[in-house]
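# Architecture at a glance
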Amino acid sequence: MATQPTHLCQICKTAPPVGGVGFPDARQNCPGLPDHLRGTCLWVCGSRACDLAAQLRTKRAALKRGIALQNIWRHHIIKSPKG
């Protein structure tokens, strides 16, 4: 899991990512979440299979720490305008 977008999808490792699936930044959204996981996510391509795999990995990572996630957070890649 990473806080910054990677060059390739972290699941299939073949296509560039279009967004991330992971944990929230804000403490109030998931109070029991350890600080080292805040804002981290798996960067995934547009494939439904990769998105579902990332959701499952995120839920497993939370369960390992005793947290049952009610939501999976989406992280968006915002491309800066060319100027």
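Residues numbered from 1 in each chain as written. Predicted model: local features only at pLDDT ≥ 70, side-chain atom pairs only at ≥ 80, totals over all residues. Heavy atoms only, no water.

## Overview of unusual backbone geometry
In terms of backbone geometry, most residues other than glycine have negative phi values and most peptide bonds are trans. Selection criterion: Strands here are runs of E lasting at least two residues and helices are runs of H or I lasting at least four, both read from the DSSP assignment and numbered beginning at the N terminus.
You will see that Lys13, though not glycine, has its phi angle at about 60°, which is positive. Of note, Lys13 is situated in the segment before strand E1 (19–22).

## Quick look at the environment of Gly66
Note on placement: Gly66 falls in the loop between helix H1 (48–64) and strand E3 (73–76). Spatially, the C-alpha atoms of Gly66 and Gln10 are 24 Å apart, while their sequence positions differ by 56 residues.

## A word on the sheet that holds E3
This is how the line gets drawn: Criterion used throughout: strands pair if DSSP finds at least two bridges between them. Note on geometry: axes are lines fitted to C-alpha atoms, helical ones only across the stretch in contact, with angles between N-to-C directions running from 0 to 180 degrees. Note on definitions: a residue-residue contact is assigned when non-hydrogen atoms from the two residues lie within 4.5 Å.
In space, the three strands of this open sheet follow the order E2-E1-E3, with antiparallel pairing throughout. Each edge of the open sheet carries a strand with a single partner, namely strand E2 (41–44) and E3. This sheet shows a mean twist of 30° between the axes of neighbouring strands, independent of strand direction. Pairing of E1 with E3, which is carried by four bridges, proceeds in the antiparallel orientation. Note on E3: the bridge partner recorded for Val21 is Arg74. Against the sheet, H1 touches E1, E2 and E3, its axis set at about 175° to E2.

## Observations concerning the nonpolar core
What counts, and what does not: Only buried residues count toward a nonpolar core, which is a set of Ala, Val, Leu, Ile, Met, Phe, Trp, Tyr and Cys residues joined through side-chain atoms within 4.5 Å. Whether a residue is buried, partly exposed or exposed follows from its accessible area with a 1.4 Å probe, protein chains only, as a fraction of its type maximum: under 20%, in between, or over 50%, in that order.
Membership of the largest hydrophobic core comes to 16 residues, with the highest contact counts inside it found for Phe23, Leu33, Val44, Ile67 and Leu69. Counting residues per element, this core draws most heavily on H1, which supplies four residues.

## Remarks on the side chain of Thr40
As a reminder of what qualifies: N or O atoms closer than or at 3.5 Å make up a polar contact, with two conditions inside protein: a donor-capable atom paired with an acceptor-capable one, and, for residues adjacent in sequence, both atoms drawn from side chains.
Tracing the backbone shows Thr40 in the loop between E1 and E2. Taking the relative accessible area as the measure of exposure, Thr40 reaches 8% and is therefore buried. From its side chain, Thr40 meets the backbone oxygen of Leu37 in a polar contact 2.7 Å long. Each residue touching Thr40, except ones within four places of it in the same chain, is listed here: Met1, Ala2, Thr3, Gly22, Phe23 and His75.

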